[in-house]
Amino acid sequence: MTMTRRDLMKTGAAAAALGAVAEFDWILPALAQGEVVVPFTDSHQNFNPTPAPDRRLFDTRALSGPFTPKDQFFTTQHYGHPEIDPAAFRLKVSGLVNSTLALSLDDLRKMGNTELIAGFECSGNRRPLQGLIGNGRWTGVPLKTVLDKAGLKADAQEIVFFGADRGKETVAFRGNNFDVEQQYGRSLPRARALAAEPAPFLAYALNGEPLTKHQGAPLRLIVPGWYGAPNVKWLSEIVVQNEPYMGKFQTHWYRTLKGEMINGEMKWVETGITHLNLKSFVARVTKNGNAHKATVIVLNDGTPIKSVEVQVDGGAWQPAKADPATTAKYGWKLYHWDWANAPAGEHTIVSRVTDATGK
Ligand SMILES: Nc1nc2c(c(=O)[nH]1)N[C@H]1C(S)=C(S)[C@@H](COP(=O)(O)O)O[C@H]1N2
Ligand SMILES: [Mo]
């Protein structure tokens, strides 16, 4: 990829802003004999995989298979990682339910032991690093199984999910600021929480092993095909209520603001982030002799993909091939493109994806 000096300086500044710039000795993934990773000149020079003690970025150049290994899965959160004793853990379900529940991990395992392949990214994931992304094979219980066991009352409208992580927040109210302690909280409307497709999921394992502290041990919510924010980690309480949930991370964060023409007038519309917008990017390029291979990551909300193409130096778009190991509806999809006889030098390589709706 080509980049200007100004771009280089911008990248440097961004990397510095993430924390101390450190040399990253990444482990070469499953490369064939003689195959090497081609460096990106617009990113990753000073890639720091752990910009803070509780944060981790995934180096997409280390892509080695369909699932992100647990010690490479990205992690980000607001209040650090709470420690939860799995033996003492109980998931509380309360509010507008017929029976209040306090479920142990054993109770949950007995209620369900199904798998869900789901990939997601943080809604703040962006170029050039694209490191806030991962794809997992999760094991757990459909959320509906737990809600059905509690029995939602007729007037139950909003299902609120609280993590065990807490922090002080300043809340402005009637001209005053109040410092209040909060848990990370997100909610889903009743219909979305109970929907068959995509069905929200309570996961206690990632890639066949108990969740790590980073990924929300011992239990987290996964909303397949959605951005990361609703996937509440260290899930400890589900509160069922009638009123919309107004917590900070539901109503003040994770929103988009855009102008829309409504009734012939431009209106500024705020919406909460929900399903993953269609996206592709070149995650990794390798070469073996003069044979190059580009791997593209595609992520979306499960809408079928029509095509993925790769373009070099502004030339013709070339079709990339779907990786047969990544066909799960809500998982990320990998696509490969082989480039024979690449001329020596720097090149700009770009990908694009089109879904079945033509988007
Ligand atoms: N309890 C809790 N869950 C949380 C968060 C948090 O701060 N606290 N952050 C959310 C955000 S913004 C993202 S992108 C994902 C990241 O999940 P991961 O660390 O497993 O990659 O967790 C979500 N779940
Ligand atoms: Mo996020």
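None of these values were measured; they are calculated from a predicted model. (Residues numbered from 1 in each chain as written. Chains lettered and ligands numbered in written order. Predicted model: local features only at pLDDT ≥ 70, side-chain atom pairs only at ≥ 80, totals over all residues. Heavy atoms only, no water.)

Turning to the side chain of Asp 59, a few remarks are in order. Secondary-structure assignment places Asp 59 in the loop between strand E1 (35–37) and strand E2 (91–95). Residue classification places Asp 59 among the buried positions, given a relative accessible area of 4%. A polar contact is formed between the side chain of Asp 59 and the side chain of Arg 61, at a distance of 2.6 Å. (Helix = DSSP H or I, 4+ residues; strand = E, 2+ residues; numbered from the N terminus. Buried < 20%, exposed > 50% of the residue type's maximum accessible area, 1.4 Å probe, protein only. Polar contact = N/O pair within 3.5 Å; in protein donor to acceptor, adjacent residues only side chain to side chain.)

In terms of nonpolar packing, the biggest core is built from 47 residues, with Leu 91, Leu 108, Val 146, Phe 161 and Ile 238 touching the most fellow members. Among the elements that make up this core, the one with the highest residue count is helix H3 (residues 143–150) (four residues). In this structure, Leu 108 is in contact with Phe 89, Leu 91, Leu 103, Val 141, Val 146, Tyr 204 and Leu 219, ignoring residues within four places of it in sequence. The next biggest cluster of nonpolar side chains, apart from the first, holds 18 residues, and it includes Leu 116, Ala 118, Phe 201 and Ile 222. (Core = buried A, V, L, I, M, F, W, Y, C linked by side-chain atoms within 4.5 Å. Contact = heavy atoms within 4.5 Å.)

The subject of this paragraph is the site of ligand 1. Lining the immediate surroundings of ligand 1 are 21 residues, of which Phe 74, His 78, Asp 165, Arg 220 and Lys 233 lie closest. A distance of 2.9 Å separates an oxygen atom of ligand 1 from a polar side-chain atom of Thr 75. Within the backbone of His 78, one N or O atom sits 2.9 Å away from an oxygen atom of ligand 1. For ligand 1, the protein covers 99% of the area, taking 530 Å² as the surface of the free molecule. (Near = heavy atom within 4 Å. Areas by Shrake-Rupley, 256 points an atom, 1.4 Å probe, with all protein chains shown as cover.)

All right, on to the environment of Asp 338 then. With respect to the helices and strands, the residue Asp 338 is situated in strand E19 (residues 333–339). If we skip the residues at most four places from it in the chain, Asp 338 touches His 292, Lys 293 and Lys 321.

One turn of an α-helix holds 3.6 residues; hence residues three or four places apart share an orientation. Buried within H3 are the following residues: Leu 143, Val 146, Leu 147 and Ala 150. Mapping the buried residues of H3 onto a view down its axis gives an arc of 95°, with all of them on the same face. Following H3 by one or two positions, Gly 151 adopts a phi angle in the positive range, close to 80°. (Arc of directions from axis to C-beta.)

Under the criterion given, the structure shown has 13 aromatic pairs. In textbook terms, an aromatic cluster arises when at least three aromatic residues are bridged by ring pairs, as seen for Tyr 79, Tyr 184, Phe 249, Trp 253 and Tyr 254. Positioned above the aromatic ring of Tyr 204 is the side chain of Arg 109, whose terminal nitrogen or guanidinium carbon lies 5.6 Å from the ring centre. Directly above the ring of Phe 67 sits Arg 137, whose terminal nitrogen or CZ lies 5.9 Å from the centroid. (Phe/Tyr/Trp six-rings, centres within 6.5 Å; stacked < 30°, edge-to-face > 60°. Lys NZ or Arg CZ within 6 Å of the ring centre and 35° of its normal.)

To continue, consider a nonpolar patch on the surface. Together, Leu 257, Met 261, Met 266 and Trp 268 make up an exposed nonpolar region whose accessible area comes to about 520 Å². Counting residues per element, the ones that place at least two in the nonpolar patch are strand E12 (255–262) and strand E13 (265–272). Looking at the element boundaries, Met 266 is found in strand E13. (Patch = residues over 30% accessible without salt bridge, like charges linked within 9 Å, V, L, I, M, F, W, Y side chains within 5 Å. Salt bridge = Lys/Arg side-chain N within 4 Å of Asp/Glu carboxyl O.)

What follows deals with the pattern of salt bridges. Under the criterion given, the structure shown has 14 salt bridges. Across the salt bridge formed by Lys 144 and Asp 148, the nearest N and O atoms sit 2.7 Å from each other. Of this pair, Lys 144 and Asp 148 both sit in helix H3, four residues apart, which is roughly one turn of that helix. Of the residues examined, Lys 144 reaches a relative accessible area of 38% and is grouped as partly exposed. The exposure class assigned to Asp 148 is partly exposed, which follows from its relative accessible area of 45%.

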